[in-house]
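Below are the chains, spelled out letter by letter.
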Amino acid sequence: MTRKPADHDNGFSIVEMLVVLAIIGLAAAIALPNLLPRRGQRPELIAAAAMQLAQTARLRAVSSGSSVSVVIDVAQNLLKLEPGVQMLTVPPGVAMEAIVGRDSTTTVDRGSIVFFPNGGSTGGQITFGDSSGRSSVLRVDWLTGSLKEIGNERR
């Protein structure tokens, strides 16, 4: 009785399988970043950065003995310390709204929260939101100047 030689043509070789897996991996690497939300545009992250900027303004006011302002420019999506050069640019995908005390420089698109040397402030609220309805709020107490971030609120 003679044996027939084994037929090795059925199935795929290991090289063919590796090539297919490499192609699938490459396609996933290209497509996946476009499907995931961008981390830099989340309202919570922008509010946290704005809170750090406001804390810097408050500490600078207390340590220098003179008032420091956080200027809120809604038209340019910008927060800036005055006096100073520190600023935070809000990405285009995040909307910004502000409620601040009225003074001679306050307009619809521009306002400021002033921190005083005693630690107090003029107070205000800055809301950051995105198109999915997520929002994060930074509140500054007018009496104590304390800062509070309320994250992930739904509008």
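Residues numbered from 1 in each chain as written. Predicted model: local features only at pLDDT ≥ 70, side-chain atom pairs only at ≥ 80, totals over all residues. Heavy atoms only, no water.

Attention now moves to a nonpolar patch on the surface. There is a patch of nonpolar side chains on the surface, built from I14, V15, L18, V19, V20, L21, I23 and I24 and spanning about 810 Å² of accessible area. One can find V20 in helix 1 (residues 14-35). (Patch = residues over 30% accessible without salt bridge, like charges linked within 9 Å, V, L, I, M, F, W, Y side chains within 5 Å. Areas by Shrake-Rupley, 256 points an atom, 1.4 Å probe, with all protein chains shown as cover. Salt bridge = Lys/Arg side-chain N within 4 Å of Asp/Glu carboxyl O. Helix = DSSP H or I, 4+ residues; strand = E, 2+ residues; numbered from the N terminus.)

It is worth spelling out the nonpolar core at this point. One finds L79, M96, F115, I126, F128 and L147 to be the most contacted residues of the largest nonpolar core, which totals 24 residues. If you list the elements that add at least two residues to this core, you get helix 2 (43-64), strand 1 (68-73), strand 2 (78-82), strand 5 (110-115), strand 6 (124-129) and strand 7 (134-140). Take this core: its biggest share by element is eight residues, from helix 2. Ignoring any residue separated from it by four or fewer positions in sequence, one finds M96 in contact with I72, D73, V74, N77, L78, L79, V90, I126, T127 and F128. (Core = buried A, V, L, I, M, F, W, Y, C linked by side-chain atoms within 4.5 Å. Buried < 20%, exposed > 50% of the residue type's maximum accessible area, 1.4 Å probe, protein only. Contact = heavy atoms within 4.5 Å.)

Two faces belong to every sheet, and in a regular strand the side chains alternate between them. Burial analysis of strand 6 places five of its six residues in the buried class, the great majority of the element. Across six bridges, the pairing between strand 6 and strand 7 is antiparallel. Paired with G129 across the bridge in strand 7 is S135. The hairpin turn running from strand 6 into strand 7, its antiparallel successor, is four residues long, and G133 in that turn takes a positive phi close to 100°. (Pairing = 2+ DSSP bridges.)

What follows concerns the environment of A50. With respect to the element layout, A50 can be found in helix 2. When the C-alpha positions of A50 and L138 are compared, they lie 7.7 Å apart, and in sequence the two are 88 residues distant. Once you skip the residues sitting within four places of it in the chain, A50 turns out to touch L79, L88, F128 and L138.

Glancing now at the pattern of salt bridges. Under the counting rule described, the total for this entry stands at five salt bridges. Two residues, E82 and R110, come together in a salt bridge whose shortest N-O distance is 3.7 Å. In this pair, E82 is assigned in strand 2 and R110 in strand 5, connecting sequence segments 28 residues apart. Residue class for E82 comes out partly exposed when judged on its relative accessible area of 33%. On the basis of relative accessibility, which here comes to 35%, the residue R110 falls in the partly exposed class.

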